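Reading the structure
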Amino acid sequence: MLLWNLIKQDRGGQILLALLALAIIIVPILNGLPSDHPLHIPTYMVAVMGKYLTLALLALSVDLVWGYLGILTLGHGAFFALGGYVMGMYLMRQIGDRGVYGHPELPDFMVFLNWDSLPWYWQGLDQFWFAAILIILVPGLLAFIFGALAFRSRVSGVYLSIITQALTFALMLAFFRNEMGFGGNNGLTDFKDLLGFNLQARETRVGLFVASAIALALGYLLCRYVTQSRLGKVCVAVRDAESRSRFMGYRVENVKLWVFTLSAMIAGVAGALYVPQVGIINPNEFSPLNSIEIVVWVAVGGRATLYGAVAGAIFINYAKTWFTTELPDVWLFALGAIFILVTVLMPKGIVGLLRRKEGNA
């Protein structure tokens with residue numbers, strides 16, 4: 001009953017959840033067909049689609065704070081990357097003595113750099129339950145500390161956007177350093193197992209796709225619950241009239257802090273699901289350009305709609321895959337053109353255009 005109450009007036013959400021449920025059923029079936037069957041979906045394509053779903057979950061987390069709270073964050077790529085690094089550290093611990101150097105405990109890059117013991121912050125990451133906690137805790141803790149300092153200092157607008165961008169840039173520079181113990185330039189890769197399942201196996205790829213679809217559905221429902229709750233109404237009030245909301249007695253700083261922290265946790269989960277499907281995590285994921293691109297996904301799909309952010313992320317990343325394969329030198333120009341066209345012709349994104357057409361019908 002609660003689930004239906006969340007989406008009964010949310011046509012876009014109903015369509016999104018129905019499509020995800022359909023994908024969970026159909027994609028594994030089509031992947032299991034003979035390779036020469038016209039409807040067969042190759043395993044590599046299943047991994048690509050799973051990657052799209054994790055990026056859609058990331059876009060959803062950005063829409064929660066930008067669309068409903070008015071915080072233009074240019075640093076959510078940092079929370080995504082931190083969740084990815086925690087998952088990568090867990091996957092590296094699963095390699096054991098199957099690495100190039102055959103060390104039972106140290107990852108290959110630590111052996112190469114003559115490390116004699118595992119750093120304290122790698123301890124316990126051979127256990128999935130502990131890694132799962134850190135996937136949520138690490139991005140959430142960073143967001144909480146950052147938000148507590150920024151929001152209580154009443155930093156807002158473009159200044160807050162610049163600070164979030166500086167945060168992710170600083171983390172990128174730190175993770176590039178070999179002495180940090182995160183693989184330096186090369187990052188973490190050569191993963192083999194997840195929960196004892198071979199990452200290259202067809203069944204594992206399909207399982208990760210299904211897990212990504214379920215995570216996106218649950219993430220959407222969680223964000224929908226927040227935006228439809230009293231907290232969500234206060235978020236919109238803060239977005240539209242922060243000083244008036246403060247005057248009415250609302251603790252604006254606390255509202256921003258808790259929603260921002262929740263959003264970072266969702267981004268961390270997206271990063272954790274992304275890494276085993278792409279097979280690598282490196283400091284380039286912290287790049288400020290990536291965080292800016294996430295904002296473009298949300299703008300293209302439709303800010304403050306949630307399902308629009310999902311649609312924008314999938315559309316832009318599919319376009320990126322096509323352009324970088326067929327016309328690699330054109331992609332950045334195409335991305336800029338898409339953003340300009342949307343800003344000029346569709347200021348409310350794809351979803352806004354569809355709503356306008358339905359209203360005119």
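A brief report on the enclosed structure follows. (Residues numbered from 1 in each chain as written. Predicted model: local features only at pLDDT ≥ 70, side-chain atom pairs only at ≥ 80, totals over all residues. Heavy atoms only, no water.)

Some thoughts on the packing of aromatic side chains
Counted according to the given criterion, the structure contains 16 aromatic pairs. Look at Phe-146 and Phe-260: their rings are 6.0 Å apart centre to centre, the planes differ by 35 degrees, and that puts the pair in the tilted class. On the criterion of sequence distance, the pair formed by Phe-146 in helix α6 (residues 128–152) and Phe-260 in helix α11 (residues 252–278) is long-range, its members being 114 residues apart. For the pair shown, Phe-146 and Phe-260 are each scored as buried. Of the aromatic side chains, those joined through ring pairs into one cluster are Tyr-85, Trp-120, Tyr-121, Phe-175, Phe-182 and Phe-286. (Phe/Tyr/Trp six-rings, centres within 6.5 Å; stacked < 30°, edge-to-face > 60°. Helix = DSSP H or I, 4+ residues; strand = E, 2+ residues; numbered from the N terminus. Buried < 20%, exposed > 50% of the residue type's maximum accessible area, 1.4 Å probe, protein only.)

Some details on the pattern of salt bridges
If charged atoms from side chains of opposite charge come close, those side chains can pair. Enumeration over the complete set of coordinates arrives at 12 salt bridges. The residue Arg-177 makes a salt bridge to Glu-179 at a minimum N-O spacing of 2.4 Å. We classify Glu-179 as partly exposed; its relative accessible area is 49%. In this structure, Arg-246 engages Glu-242 in a salt bridge whose closest nitrogen and oxygen atoms are separated by 2.7 Å. Here Arg-246 pairs with Glu-242, and both are found in helix α10 (residues 242–247), just four residues apart, close to one helical turn. (Salt bridge = Lys/Arg side-chain N within 4 Å of Asp/Glu carboxyl O.)

Re helix α2 (residues 11–31)
Here α2 spans 29 Å end to end across 21 residues, near enough to the 30 Å set by a 1.5 Å rise per residue. A bend of about 30 degrees at Ala-23 is the largest found in α2. Residues of α2 that are buried include every one of Gly-12, Gly-13, Leu-16, Leu-17, Leu-20, Val-27, Leu-30 and Asn-31, and no others. (Expected span 1.5 Å × (residues − 1). Bend = angle between axes of the 7 residues up to and from the residue.)

A closer look at the side chain of Thr-164
The residue Thr-164 is located in helix α7 (residues 157–175) in this model. Relative accessible area serves as the criterion here: at 2%, Thr-164 is assigned to the buried category. Within the structure, Thr-164 has its side chain in polar contact with the backbone nitrogen of Leu-74 (distance 3.0 Å). Apart from the residues within four sequence positions on either side, Thr-164 is in contact with Leu-72, Thr-73, Leu-74, Gly-75 and Phe-146. (Polar contact = N/O pair within 3.5 Å; in protein donor to acceptor, adjacent residues only side chain to side chain. Contact = heavy atoms within 4.5 Å.)

A look at the side chain of Asp-193
Relative to the helices and strands, Asp-193 is located in strand β2 (residues 193–194). Looking at Asp-193, the relative accessible area reads 16%, which means it is buried. Of the polar contacts made by the side chain of Asp-193, one reaches the side chain of Arg-98; its length is 2.6 Å. Here Asp-193 is in contact with Leu-91, Gln-94, Arg-98, Asn-198 and Leu-199, once residues within four sequence places are set aside.

Examining helix α9 (residues 230–240)
Each full turn of the α-helix corresponds to 3.6 residues, which orients residues three or four apart in the same direction. Listed in full, the buried residues belonging to α9 are Gly-232, Val-234, Cys-235 and Val-238. What you see down the axis of α9 is that its buried residues fit within an arc of 160 degrees, all on one side. Exposed residues on α9 whose side chains face more than 90 degrees from its buried face are Arg-230, Lys-233 and Asp-240. Buried residues along α9 sit against α8 (202–228), α10 and α11. (Arc of directions from axis to C-beta.)

Remarks on a nonpolar patch on the surface
Among the surface-exposed residues, Trp-129, Ile-133, Leu-137, Leu-141, Phe-144, Ile-145, Leu-149 and Trp-258 lie close enough to one another that they form a single nonpolar patch of about 860 Å² accessible area. Broken down by element, the residue count for the nonpolar patch peaks at seven residues, all from α6. Secondary-structure assignment places Phe-144 in helix α6. (Patch = residues over 30% accessible without salt bridge, like charges linked within 9 Å, V, L, I, M, F, W, Y side chains within 5 Å. Areas by Shrake-Rupley, 256 points an atom, 1.4 Å probe, with all protein chains shown as cover.)

Side note on the environment of Glu-285
Mapped onto the secondary structure, Glu-285 falls in the loop between β4 (280–281) and α12 (288–301). The buried category is assigned to Glu-285, whose relative accessible area is 16%. Considered as a pair, Glu-285 and Ala-78 are 207 residues apart in the sequence and their alpha carbons are 7.5 Å apart. With residues up to four places along the chain from it excluded, the contact list for Glu-285 reads Gly-77, Phe-80, Ala-81, Tyr-274 and Asn-290.

Points about the nonpolar core
Residues Leu-188 and Phe-286 are the most contacted members of the largest nonpolar core, which totals 114 residues. Beyond its immediate sequence surroundings of up to four residues, Leu-188 is in contact with Tyr-85, Gly-88, Met-89, Met-92, Phe-109, Trp-122, Phe-182, Gly-183, Gly-279, Ile-280 and Ile-281. (Core = buried A, V, L, I, M, F, W, Y, C linked by side-chain atoms within 4.5 Å.)

Observations regarding the state of the cysteines
Within this structure, the stated rule accounts for zero disulfides. Between Cys-223, a free cysteine, and Cys-235, which holds the nearest cysteine sulfur, the sulfur-to-sulfur gap is 11 Å. Since its relative accessible area comes to 1%, Cys-223 is described here as buried. (Disulfide = S-S within 2.5 Å.)

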